Every structure is written in C-alpha cells, then in structure tokens.
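Coordinates in review
Letter by letter, the chains look like this.
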Amino acid sequence: MTLTRRGFLRGAGTVLGTYAFADMWHTAQAFSSPPMVMPMRTTMPTLAAPKVPLINPTSLARFVDPLPVPPIARVAGQRAHPAYPGRTLPYYRMEMRAFKARLHRDVPATPLWGYDGSFPGPTFETKRGEPLLVEWVNALPTKHFLPIDHNIHGAEQSKPEVRVVTHVHGARVPAGADGYPENWYESGQSALYHYPNDQDAATLWYHDHAMGITRLNIYAGLVGAFIVRDAEEQALGLPTGEYDIPLILCDRLVAQDGQLYYPVSDDPSAPWVMQCLGNLTLCNGKIFPYFEVEPRRYRFRLINVANTSFFDLSLSHDRAFQQVGSDQGLLSAPLERDRIELYPAERADVVVDFSSLAGQTVQLRHQAQGIVEFRVRNKGGRDTSVLPASLRAVPRIDPGGAVRERVMTLNEIDDANGNAMTMLLDGKHWSDPITENPRQNTLEIWSFVNLTGDAHPIHLHLVRFQIIDRRPFDLFAWNAHRTLTYTGPAEPPPAHEAGWKDTVRADPGMVTRIAMRFEGEPGRYVWHCHFLEHEDNEMMRPYEVLPAHT
Ligand code: C2O
Ligand code: CU
Ligand code: CU
C-alpha cells in the first residue's frame, strides 16, 4: 500500500455514462442504518468509466422473467473419511465454471462464474448430525475477467490470477475445511472439505473466500445457499418443500452489452474502490423476476450476498413479513415486521401468507422499488403448514460468564486528502501476528469500537453469537486519551437481532458488543468486515482457537 493510492472519494465528476453514479451514492448514504450519525463526506467517488455504458434500470421491462429456484445439489456418491471410521459419507462434487446467462429477457447474455455453472449455485439441503463431503473443483479459466488490484495484500502479481477457496458461511467446521483465505488453489485443482453439520437448523450460504480477490470472485457469481434442517424445526410445521424457497439478493453494475462492470478508480495503478453499489438488483440471478405462488403460506430465506449494498425490504399492499429466523436459525417466536434491513451476509427467514391475495400481485421491495413480483394464483392445494406462536428456545447468554472481553476498534486510514485508503480491525493488518486467541469452549465478549463514519457488518467464522448491546461513545475522548466515554445508555438488541447471529452491524459512533462460546475445533479461522471491498483490503484478521484446558 502506498500513499499514492488514489482515494475513492476525491473530486466531483461522475463518468458512468447513462447512469448517475452520484445518485446511487446519495441513496446509499441516506439509507444507512437508522440510529446512525451520517458520515461527513462531501465529495463524490471518481470512478473509471465502463467501456460500455451501464443499463439504465428504468429502461428495463419489469417482471418479465420467472424467478429461478436454484436446483438442489445432488449427491455424487458415498466416500469414506478419516473423521468417520467404518462408515461412508455423502459426497458432492461442485465444479466452478465459466458460463453465460441471461440476467433479464432484454439484456444480452452475461459472462459469469458459478458453482456447477450456475448463479446462484445449487442449494445444499442438509440435516443436523448428518455430515457430508464436498469436493470444490476449480474448473475456471486461468485469466480473471474482473480487474485485480495487485497492490492488495495477497493479490500480488506473483500470484495466479484465478484462485479460489470456498467457505460455508455460518457453518461450524474444522479449520481445515473452513476455506481459510490463504488456502486458495488454482484452476485444475480441487479441495475436499468435510462438513459435520453439528449445529441447529439455519440458512447458511457458501461463497468464495480467496485472499485479496474475494470481492471479484463473489461478484463473478460464486455464491449459493446451504440449508441445515433439524427434527425440532421440521416438527414445527412451517412451509416446506416447494413452499420453502431461498431468495438470494445482490446487486451488480450491468452494462448494455450484458457484461458485468466491477467499479475501479480512475487511477489504473490503484484500481481498488471502497465500495461497489450496483445499478440493478438481482434475486436468484435475475433482474426483476416474477414468481407464481399459490394463495397460501410460503417460507422465504432472504440472503444478502451483495458486495456492499444492504437491502431495506418490504412488501407492497401493506403486507408484513413474519420473521421466523435470523443468521443462525430460528428466533424464539415469529415477529411481524413491515421492513427488514439486511446488511451483506445477513439472513432473515420469513413466512409470507398469500392466502387472502388470490388473483393479485404483491411486490417484494427494496426501498421504494419493486424487485420481485409475486403473482398469486386463484387456487392452490390445501395449506397444511402452520406458523406456531413459539419456535425455539433461545437462552440468553449471560455476559457475566465471559472469561475475557476484547475491545477492538474498526478504523479507516485516510490519505493526505482525507480519502479512505484502507480499513483495519483494531489498527492491525492481515499479516500482523495473531492477537485474538480464544480458548476452545470458553465464553468471550468482543466489543467493536467503530471509529469510522460507516456501519460495518462484522462476521466471525466458526461461532454463533448473541448481540449484547450497542452503546454510543465519545469519539473525541477516544482520540484524545484512548478512553471509552459513553454518551448514552446501552441499547439491547431489538427482538429480530436477539436470536443467534454470525454477522452484526457495528454502527458508527457506537460500541457493539457480542458474546460467544468458541465451540468447535481448535485452529485458525478468520473474522472480518463483510463489505467485500473492505474484507479484501485489510479489514480481515486471522484468529486462533486454542485447545481447551483439560
Ligand atoms: Cu461470508 Cu468469511 O465469510
Ligand atoms: Cu463465514
Ligand atoms: Cu467494513
């Protein structure tokens, strides 16, 4: 990293052809999470213009393509594994390939990368206590089609352009199967990972995690859903089978020739930009899809797989969602919610009841814009699903049982002109020695002191956690004497954030505290900001789970 890296927020011009990038910037800022202080930014990003102008979203016909439902991943056989002597496990083979797909009827086919040649990839249907093996095969070309920034740590010229390593987000797996960012491999190679599935039913997702290019590999399409079920959840009678559908949300900058444009700065020697906001929203890989539903209850698993954008979701016709789950599984009881905000990597499981809407259409909206249209048929089969009044006990973690509290800052390092260059966790770089080394099976509290102007979605691998509280603090006092002076009371999480989580929004000007027990195998994992641009550029740290004292 050099001081000549050009800032993202410098200058006033915008150059994105038919699409006003400045408006996207303002929209994003205006919708940053409610209780926040707005960042003091007065300048616009200066981006290099895409070769082909971007699609003007208002020019596209809405709701002309059916919603794709990703196919269920198919077992390719049974194999032995050393962790399970004397038995065999279901074995999946998941090839990452380049392909082309139409994101919309009127947009030329888009070159993409995907698991099993689709975007999103097939959905894993798994069950608690039933371990499985996946061979993740890199069958991609040897040249990347998106712009690599070789200044970024881990993405140097000396590294092969195309590198992958898959992580199942939210899965409790041994370190060797977690998709450690430096365990990437080249085209023509593969990795065989073992997933114990020793965890509660939840909506997980899988994605690439290769060091320094995760943002590009995910942007290219390397994502998919990974569902864990368990008997307790199945006994509840929630909608299931074809009435239980993942809705995988992201945005992309799509040019008029169908190509994806990944934003770069106008300085070719330092292309990295601190955020990537699309001109179009995609659900299950389609722009403005429609979905024919029966007049009955559905369960939708909303997953935000975007690089930087959050979604502010609602339903038209004053309909509400019944939220039944968050990142790591069921809430204690369904919550009626008019709006659901999801930061990158966050999930919400919702039940939507279309039974009184036969013959009508309802839209899923992001902010004011319809992004999916549900077309409710006049008739359907009998709906035997239920929405129980209570779902699963979520015992609150007692923070008093923590053996240790780690207070860590979220920082932004600016260049001489005040432009953001790098985001750091606790002022440290990826390659600094490990500082977070919790002991296996112990309870810890991690406090994130956000010194930046933005909210950051912070994610820990391996564990599920609970949010203890968020509390405003005095930034000037911190800067002057490194002391935490609170300026208001601690706010406990709202009900929808009071379940098990693996990604938490750390608001600016706030200390966000989480508590977790480090259950799982000792070894090296990571924690990071799930804005992929930040994660790729130093806002990620390794951590080490030490073996339990015996
Ligand atoms: Cu979605 Cu490091 O993970
Ligand atoms: Cu993860
Ligand atoms: Cu961040």
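In what follows, the structure referred to is the one given above.
Residues numbered from 1 in each chain as written. Chains lettered and ligands numbered in written order. Predicted model: local features only at pLDDT ≥ 70, side-chain atom pairs only at ≥ 80, totals over all residues. Heavy atoms only, no water.

**Side note on the pairing of strand S30 (residues 466-472)**
For a regular strand, the rule is simple: side chains alternate between the two faces of the sheet. In terms of residue burial, S30 counts as a mostly covered element, since six of its seven residues are buried. Inspection of the sheet shows S30 paired to strand S32 (residues 510-517) by six bridges, in the antiparallel sense. If you follow Gln 466 over to S32, its bridge partner there is Ala 515. (Buried < 20%, exposed > 50% of the residue type's maximum accessible area, 1.4 Å probe, protein only. Helix = DSSP H or I, 4+ residues; strand = E, 2+ residues; numbered from the N terminus. Pairing = 2+ DSSP bridges.)

**Brief notes about the side chain of Arg 541**
Within the element layout of this structure, Arg 541 appears in strand S34 (residues 540-545). Although Arg 541 is buried, it makes no salt bridge; Glu 436 carries the closest opposite charge, 4.3 Å away. Within the structure, the side chain of Arg 541 is placed 2.8 Å from the backbone oxygen of Pro 433, a separation counted as a polar contact. A distance of 2.9 Å separates polar atoms of two side chains, one belonging to Arg 541 and the other to Thr 435. (Lys, Arg positive; Asp, Glu negative; His and termini not counted. Salt bridge = Lys/Arg side-chain N within 4 Å of Asp/Glu carboxyl O. Polar contact = N/O pair within 3.5 Å; in protein donor to acceptor, adjacent residues only side chain to side chain.)

**Topic: the coordination of the copper ion (ligand 2)**
Around the copper ion (ligand 2), the protein contributes the donor atoms His 167 (NE2) and His 459 (NE2), at 1.9 Å from the metal centre. A residue pair is termed long-range when its members are at least 10 positions apart, and His 167 in strand S8 (residues 166-169) and His 459 in strand S29 (residues 456-460) qualify at 292 residues. The buried category is assigned to His 167, whose relative accessible area is 1%. On the basis of relative accessibility, which here comes to 0%, the residue His 459 falls in the buried class. (Donors = N, O, S within 2.8 Å, 3.2 Å for Na, K, Ca; no water.)

**A few points about the sheet that holds strand S24 (residues 361-366)**
Here six strands make up an open sheet; going across it, the order is S1-S17-S25-S24-S19-S22 and the pairing mixed. Only two strands of the sheet have a single neighbouring strand rather than two, namely strand S1 (65-66) and strand S22 (340-342). The pairing of strand S17 (residues 289-293) with strand S25 (residues 369-376) spans four bridges and is classified as parallel. Its bridge partner being in S25, Tyr 290 is matched across the sheet by Glu 373.

**Description of the sheet that holds S8**
A sheet is described by the order of its strands in space; here four strands give the open sequence S5-S12-S11-S8, paired in mixed fashion. At either margin of the open sheet sits one strand with a lone partner, and together these are strand S5 (124-127) and S8. Here the average twist between neighbouring strands, direction ignored, is 25°. (Axes fitted to C-alpha atoms, helices over the stretch in contact; angles between N-to-C directions.)

**Quick notes on the nonpolar core**
Counting residues in hydrophobic clusters, the biggest one holds 131 residues, and the most contacted among them are Trp 136, Phe 300, Phe 354, Phe 374, Trp 446, Phe 448 and Leu 460. Residue contributions to this core peak at seven residues, all from strand S13 (residues 244-254). Residues lining this core come from more than one domain, with at least three contributed by each of domain 1 (65-230) and domain 2 (399-545). Not counting chain neighbours up to four residues away, the residues in contact with Phe 374 comprise Leu 247, Phe 291, Val 293, Phe 300, Leu 315, Phe 354, Gln 360, Thr 361, Val 362 and Leu 364. Grouped together as the second largest cluster of nonpolar side chains are seven residues, Ile 397, Ile 445, Trp 500 and Ala 515 included. (Core = buried A, V, L, I, M, F, W, Y, C linked by side-chain atoms within 4.5 Å. Domains from an automatic or database assignment. Contact = heavy atoms within 4.5 Å.)

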